[in-house]
Amino acid sequence: MKIKTFFYPFFMIMIIWLSSCNPNKLAQLPGSTGATYEILVVSDLDYWDGSVGNTVKEFFYQPDTTLFMAEPLYKLTSINKKQFDENKLYKFFKNILILEIDENLTNKVETIDTVWAKPQRIFKIQANNAKSFDSLFNKYNNYILQKYIELENEQIKIRSKLI
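Keep in mind that what you see is a predicted model, and the values were worked out from it rather than measured. (Residues numbered from 1 in each chain as written. Predicted model: local features only at pLDDT ≥ 70, side-chain atom pairs only at ≥ 80, totals over all residues. Heavy atoms only, no water.)

Trainee: Describe the sheet that holds strand 2 (residues 75-79), naming the residues involved and giving the relevant values.
Mentor: If you walk across this open sheet you meet the five strands as 2-1-3-5-4, and the pairing is mixed. Whereas interior strands pair on both sides, the edge strands pair on one side only; in this sheet they are strand 2 and strand 4 (108-113). The sheet shows a mean angle of 20° between the axes of neighbouring strands, direction not considered. Packed onto the sheet, helix 4 (residues 51-60) meets strand 1 (38-42), strand 2 and strand 3 (95-101) and runs at close to 155° relative to strand 3. (Pairing = 2+ DSSP bridges. Helix = DSSP H or I, 4+ residues; strand = E, 2+ residues; numbered from the N terminus. Axes fitted to C-alpha atoms, helices over the stretch in contact; angles between N-to-C directions. Contact = heavy atoms within 4.5 Å.)

Written out as structure tokens, the structure is:
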């Protein structure tokens, strides 16, 4: 009889606890941060201040032709990998561009959505040297831009419905 009285409350607590768990990870993510049309760029300072950074800046700082006054397409905020890894708040940015250049890497571009916050769009460009980076970036820059703009437009639609 004592076994029943012990297991019944325990069993009920387990059912309540398990039913309260949300299997949907996205529902548990915090909202993303960062201004509209802002990209957090994660890169070694040497590359950001050199040709790699110039390539990225040239592309995203081009004037937005849809506006009456000339303004850049995106605002770029740059930090190094150590800052990104050590400060959790940076991972909540909506738009993140991670640049990794190392001779041991294979050249590739990855798209990752909604990892640390929602909504979130992350592009990771890996290259084995600056020349390979330029080639990859020039090949995919319009695709990257389009995906960032899509996310911005989705957010603008959601915000406009709230007003």
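Trainee: An account of unusual backbone geometry is needed here, citing residue identities and associated values.
Mentor: Omega for the bond connecting K118 with P119 falls within 30 degrees of zero, at -15°, which places this linkage in the cis form. Notably, Y37 is not glycine yet its phi reads approximately 60°, a positive angle. Mapped onto the elements, Y37 comes out in the loop between helix 2 (25-28) and strand 1. In this structure, T114 is a non-glycine residue whose phi angle is positive, near 50°. The topology assignment puts T114 in the loop between strand 4 and strand 5 (121-127).

Trainee: Before we move on, could you go through the nonpolar core and cite the residues and values that matter?
Mentor: In this structure, V56, F60, L97, L99 and F133 are the most contacted members of the largest nonpolar core, which totals 22 residues. Looking at this core, the elements with two or more residues in it are strand 1, helix 4, strand 3, strand 5 and helix 6 (130-162). With six residues, helix 6 is the largest single contributor of residues to this core. Among all residues touching F60, those that are not within four sequence positions of it are I39, P72, L73, Y74, L76, L97, F137, I144, L145 and Y148. With eight residues, the next largest nonpolar core counts V42, I79, F84 and F93 among its residues. (Core = buried A, V, L, I, M, F, W, Y, C linked by side-chain atoms within 4.5 Å. Buried < 20%, exposed > 50% of the residue type's maximum accessible area, 1.4 Å probe, protein only.)

Trainee: Quick rundown of the pairing of strand 1? Include the residues and the values.
Mentor: Across the five residues of strand 1, five count as buried, placing the element largely inside the fold. With five bridges joining them, strand 1 and strand 2 adopt parallel strand pairing. Considered in strand 2, the bridge of E38 is made with K75. Bridge analysis of strand 1 against strand 3 gives three bridges, and the strand direction is parallel.

Trainee: Describe the pattern of salt bridges, naming the residues involved and giving the relevant values.
Mentor: Under the defined criterion, the tally for this structure stands at seven salt bridges. Residue K124 pairs with E100 through a salt bridge whose shortest N-O separation is 3.8 Å. Placement of K124 in strand 5 and of E100 in strand 3 is noted, with a sequence separation of 24 residues between them. Judged by its relative accessible area of 17%, E100 is buried. Put simply, K147 and E150 hold a salt bridge, and the shortest N to O gap is 3.3 Å. You can see K147 and its partner E150 sitting in helix 6, three residues apart, about one turn around the helix. (Salt bridge = Lys/Arg side-chain N within 4 Å of Asp/Glu carboxyl O.)

Trainee: Describe the environment of W48, with residues and values.
Mentor: Along the chain, the position of W48 falls in helix 3 (residues 45-48). Between the alpha carbons of W48 and L99 there is a distance of 9.0 Å; along the sequence they are 51 residues apart. Non-local contacts of W48, meaning those with residues more than four positions away in its chain, are made with V41, S43, G53, N54, V56, K57, L76, S78 and L99.

Trainee: If you had to explain a negative patch on the surface to someone new, which residues and values would you point to?
Mentor: A contiguous patch of negative charge on the surface is contributed by D44, D46, D49, D102 and E103. With respect to the element layout, D44 can be found in the loop between strand 1 and helix 3. Residue D44 is classed as partly exposed on the basis of its relative accessible area, which comes to 41%. (Patch = residues over 30% accessible without salt bridge, like charges linked within 9 Å, V, L, I, M, F, W, Y side chains within 5 Å. Areas by Shrake-Rupley, 256 points an atom, 1.4 Å probe, with all protein chains shown as cover. Lys, Arg positive; Asp, Glu negative; His and termini not counted. Charge placed at Lys NZ, Arg CZ, Asp CG, Glu CD.)

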